[in-house]
Amino acid sequence: MNTRTALAERLKNILLVVLVLSTILLLYFLWNDNASAGFRIPGAGAGNAETIPVEDVLYPERVIVNFGAENYTVTSETASLWYGAEGSDEPAFMRAMQTFLASDNIAVGAISKEDFLDVMRARSIRADFSFAIPAAEFCSAFELPRPAAINSIDVFTGVAYSEASPESLLLCDGFGDRYYRLAVDGDAGFKDIIAFVETAENASYYPLRTFSGVENDTMLPLEASGTLTALPYARNIDPSDEDDAERLRDMTRTFFGKSFDFTRKITEGNGTIVYMYGYGEKVLVINRDGSFEYSAAEAGRGGTADFFGALTTALSFVASHGEPEGRATAQKRIYLKDARSSVSDGQRTYGFSFGLKLDGHTVHYADSEPLTVEVTGRAVRYYKRDMIDAPAREQSGETPAGAAFAPFDLLTEHFARIYGALLEKGLAAPLENVSDDERVFERVAEMVTGLSSGLLRPAETLSRDGFTVQSAFADERNLLPVWVLSVGGVDFYFDFYTGAPAGYYGE
């Protein structure tokens with residue numbers, strides 16, 4: 001009897017251990033917060049949740065071509081010039097760089113800014129990025145030959161070639177004001193790109209110095225090369241719309257995966273919805289305006305990543321947590337607008353901002369960005385999305401409002417307002433005599449860094465020093481056709497047809 005009792009007790013103990021282990025394993029699978037195993041929603045126009053290739057978003061902000069004798073053109077449609085049109089053998093930067101970097105005995109040396117600008121006044125071509133790219137990592141990421149000489153260059157923001165120095169490829173770091181010359185024995189192989197651009201119909205651009213008398217090589221067109229019309233838009237997801245409830249729930253599931261059923265939901269008084277997993281390990285905030293922000297407290301585990309490793313992580317996250325299928329038919333494309341990095345507690349964090357193009361037109365947000373992703377190590381720590389939908393251009397019913405406002409006249413008519421705004425922000429040095437219009441104009445002209453056109457998504461209310469969204473637009477949800485004049489780190493917006501101020505943002 002004692003033996004049977006002892007055996008029964010042992011069996012009960014074994015069963016208890018098995019039950020405890022089973023419970024632990026079951027809880028592990030139920031509480032597993034790996035969202036990669038969860039529900040997936042296709043990214044914008046992707047049709048699947050595969051990661052977005054780096055080459056789909058990383059290309060120059062602009063390409064400036066000098067055909068000689070101060071005859072310039074500028075294009076913002078740069079992807080095909082950078083990578084080459086798919087299925088064609090057209091000249092392109094990456095194809096030329098592949099050949100150039102495979103050359104023997106590449107010599108690298110620093111040159112002065114003055115020497116760089118001097119050779120670029122000859123027949124030349126220059127591709128400019130709006131962010132810095134690590135040079136050696138760039139070669140590795142795109143499987144380009146990586147000569148030892150490239151290791152002496154930290155980062156670059158521009159790639160250039162001039163027929164004044166035909167054996168050279170020029171790299172520049174616009175933020176660090178550093179310029180480099182890579183030379184080979186023979187032609188560098190980029191002149192075919194200039195000739196290819198020259199065969200197309202191109203808008204004429206001129207350096208600002210030819211208009212203003214100040215030494216500023218920023219390119220301005222004499223007139224607009226196309227037309228723009230106001231375009232109605234809607235939130236991609238509207239939390240207040242009952243018809244969006246299912247789309248909203250499906251999108252939310254992508255962040256929490258199987259742990260979604262164990263996620264707390266809090267609805268605040270102003271309509272903001274907060275989802276929280278655990279004790280704040282993961283938080284998703286859905287704002288009333290349809291934007292949402294995600295943060296993960298445990299990001300950073302899993303080692304470190306370089307620039308392109310972090311960018312790949314960010315793009316994979318964007319695709320896996322992308323927007324539900326939109327209702328609109330406008331062609332939508334994201335592009336890498338800004339990249340930055342910082343180090344804290346021994347860990348490097350990369351921050352990426354992505355811009356938006358609709359039917360090829362850049363959309364400028366007044367007070368946010370379409371997509372922002374921060375990556376620490378190999379994990380996303382922060383993600384903000386503020387995407388919109390818009391109908392195709394032919395469905396919008398809008399027609400051009402007449403001739404575009406002359407670009408240079410923006411500066412001559414509004415330089416005083418621009419100077420006042422920069423002065424208030426501490427971005428312009430005070431002048432002894434602010435009533436001296438000629439000196440104020442020169443000061444502003446010296447600080448101009450760019451001029452482009454696009455569509456503006458205005459803030460809800462704007463009123464700054466005479467830069468006010470016109471009342472006709474106040475109650476409408478339209479993307480507005482604008483000129484964008486960049487001065488001293490601030491973007492100033494003007495109506496594309498009337499030249500009326502429409503706000504300024506930045507710094």
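An account of the accompanying structure is given in this report.

Rules behind the numbers
- Residues numbered from 1 in each chain as written.
- Predicted model: local features only at pLDDT ≥ 70, side-chain atom pairs only at ≥ 80, totals over all residues.
- Heavy atoms only, no water.
- Helix = DSSP H or I, 4+ residues; strand = E, 2+ residues; numbered from the N terminus.
- Buried < 20%, exposed > 50% of the residue type's maximum accessible area, 1.4 Å probe, protein only.
- Contact = heavy atoms within 4.5 Å.
- Areas by Shrake-Rupley, 256 points an atom, 1.4 Å probe, with all protein chains shown as cover.
- Pairing = 2+ DSSP bridges.
- Axes fitted to C-alpha atoms, helices over the stretch in contact; angles between N-to-C directions.
- Parallel < 35°, antiparallel > 145°, perpendicular 65-115°, else oblique.
- Nonpolar A, V, L, I, M, F, W, Y, C, P; charged D, E, K, R; others polar.
- Salt bridge = Lys/Arg side-chain N within 4 Å of Asp/Glu carboxyl O.
- Core = buried A, V, L, I, M, F, W, Y, C linked by side-chain atoms within 4.5 Å.
- Arc of directions from axis to C-beta.
- Phe/Tyr/Trp six-rings, centres within 6.5 Å; stacked < 30°, edge-to-face > 60°.
- Lys NZ or Arg CZ within 6 Å of the ring centre and 35° of its normal.

1. Things to note about the overall build of the chain
Link 1 in the chain: When helices and strands are tallied, the chain shows 12 helices and 25 strands.
Link 2 in the chain: A total of 507 residues make up the chain; the buried ones form 46% of that total.
Link 3 in the chain: Sequence separation of at least 24 residues holds for 65% of the intrachain contacts in the chain that already meet a minimum separation of 6.
Link 4 in the chain: Of the roughly 24800 Å² that the chain leaves accessible, carbon and sulfur atoms contribute 49%.

2. Some thoughts on the pairing of strand β16 (residues 332-344)
Along any regular strand the residues' side chains alternate between the sheet's two faces.
Link 1 in the chain: Looking at chain direction, β16 and strand β17 (residues 347-358) are connected through 12 bridges and run antiparallel. Paired with Leu336 across the strands is Phe354, a residue of β17.
Link 2 in the chain: Here β16 folds back onto β17 in antiparallel fashion, the turn holding 2 residues, of which Asp345 has a positive phi close to 55°.

3. Some thoughts on the side chain of Thr376
Link 1 in the chain: If you trace the backbone, Thr376 turns up in strand β19 (residues 371-376).
Link 2 in the chain: Exposure remark for Thr376: the relative accessible area of 4% places this residue in the buried category.

4. Let's talk about the packing of helix α10 (residues 407-424) against helix α11 (residues 437-446)
Link 1 in the chain: Across the interface, α10 lies against α11 with an axial gap of 9 Å and an inter-helix angle of 105°. Considered as vectors, α10 and α11 are oriented roughly perpendicular to each other. Residues Phe408, Leu411, Thr412, Phe415, Ile418 and Tyr419 of α10 form the contact with α11, whose own contacting residues are Asp437, Val440, Phe441, Arg443, Val444 and Ala445.
Link 2 in the chain: Tallied by class, residues from the contact of α10 with α11 come to 9 nonpolar, 1 polar and 2 charged.

5. Re unusual backbone geometry
Link 1 in the chain: Despite not being glycine, Asn105 shows a phi value in the positive range, around 55°.
Link 2 in the chain: Checked against the element boundaries, Asn105 lands in the loop between α3 (93-101) and β3 (107-111).
Link 3 in the chain: Even without glycine at this site, Asp177 takes up a positive phi of about 55°.

6. Re the pattern of salt bridges
Link 1 in the chain: Inspection of the entire model under this criterion finds 20 salt bridges.
Link 2 in the chain: A salt bridge links Glu61 to Arg62; the shortest N-O distance between them is 3.5 Å.
Link 3 in the chain: You can call Glu61 partly exposed: its relative accessible area is 40%.
Link 4 in the chain: Judged by its relative accessible area of 26%, Arg62 is partly exposed.
Link 5 in the chain: Ionic contacts of the salt-bridge type, sharing partners, join the residues Glu70, Arg121, Arg209, Glu215 and Asp217 into one network.

7. Side note on the nonpolar core
Link 1 in the chain: The biggest cluster of nonpolar side chains holds 120 residues, and the ones touching the most others in it are Leu58 and Phe352.
Link 2 in the chain: Aside from chain neighbours lying at most four places away, what touches Phe352 is Phe307, Ala310, Leu311, Ala314, Leu336, Asp338, Ala339, Arg340, Leu371, Thr372, Val373 and Val375.
Link 3 in the chain: Leu456, Val482, Val484 and Tyr505 belong to the second largest nonpolar core, which has 9 residues in total.

8. Re the pairing of strand β22 (residues 448-457)
Link 1 in the chain: With 7 of 10 residues buried, β22 is to be regarded as a mostly interior element.
Link 2 in the chain: Sheet topology note: the strand β18 (residues 361-365)/β22 ladder contains 3 bridges and is parallel. Of the residues in β22, the one forming a bridge with Val363 is Leu455.
Link 3 in the chain: The pairing of β22 with strand β23 (residues 478-487) spans 8 bridges and is antiparallel. Of the residues in β23, the one forming a bridge with Leu451 is Leu485.

9. Section: helix α4 (residues 113-120)
Link 1 in the chain: Residues of α4 that are buried include every one of Phe116, Val119 and Met120, and no others. Angularly, the buried residues of α4 cover 100° about the axis, an arc narrow enough to put them on a single face. For α4, exposure combined with an orientation more than 90 degrees from the buried face picks out Glu114 and Asp118.

10. A few points about the environment of Phe190
Link 1 in the chain: Within the secondary structure, Phe190 sits in the loop between β7 (178-183) and α6 (191-198).
Link 2 in the chain: Under the relative-accessibility criterion, Phe190 is labelled buried at 0%.
Link 3 in the chain: Sequence separation between Phe190 and Pro166 is 24 residues; the distance between their C-alpha atoms is 8.3 Å.

11. Brief notes about the packing of aromatic side chains
Link 1 in the chain: Taken as a whole and assessed by the stated rule, the structure comprises 32 aromatic pairs.
Link 2 in the chain: Between the aromatic rings of Tyr206 and Phe211, the centroid separation amounts to 6.4 Å while the plane-to-plane angle is 85°, which identifies the pairing as edge-to-face.
Link 3 in the chain: Sitting over the ring of Tyr335, Lys357 keeps its end group 5.5 Å from the ring centre.

12. Structural notes on the environment of Ala366
Link 1 in the chain: By the secondary structure assignment, Ala366 is in the loop between β18 and β19.
Link 2 in the chain: Ala366 sits in the buried class, given a relative accessible area of 7%.
Link 3 in the chain: Ala366 sits 137 residues away from Gly503 along the chain, and the two C-alpha atoms are 8.0 Å apart.
Link 4 in the chain: Filtering out sequence-adjacent residues up to four positions away, Ala366 remains in contact with Leu456, Arg457, Pro458, Ala459 and Tyr505.

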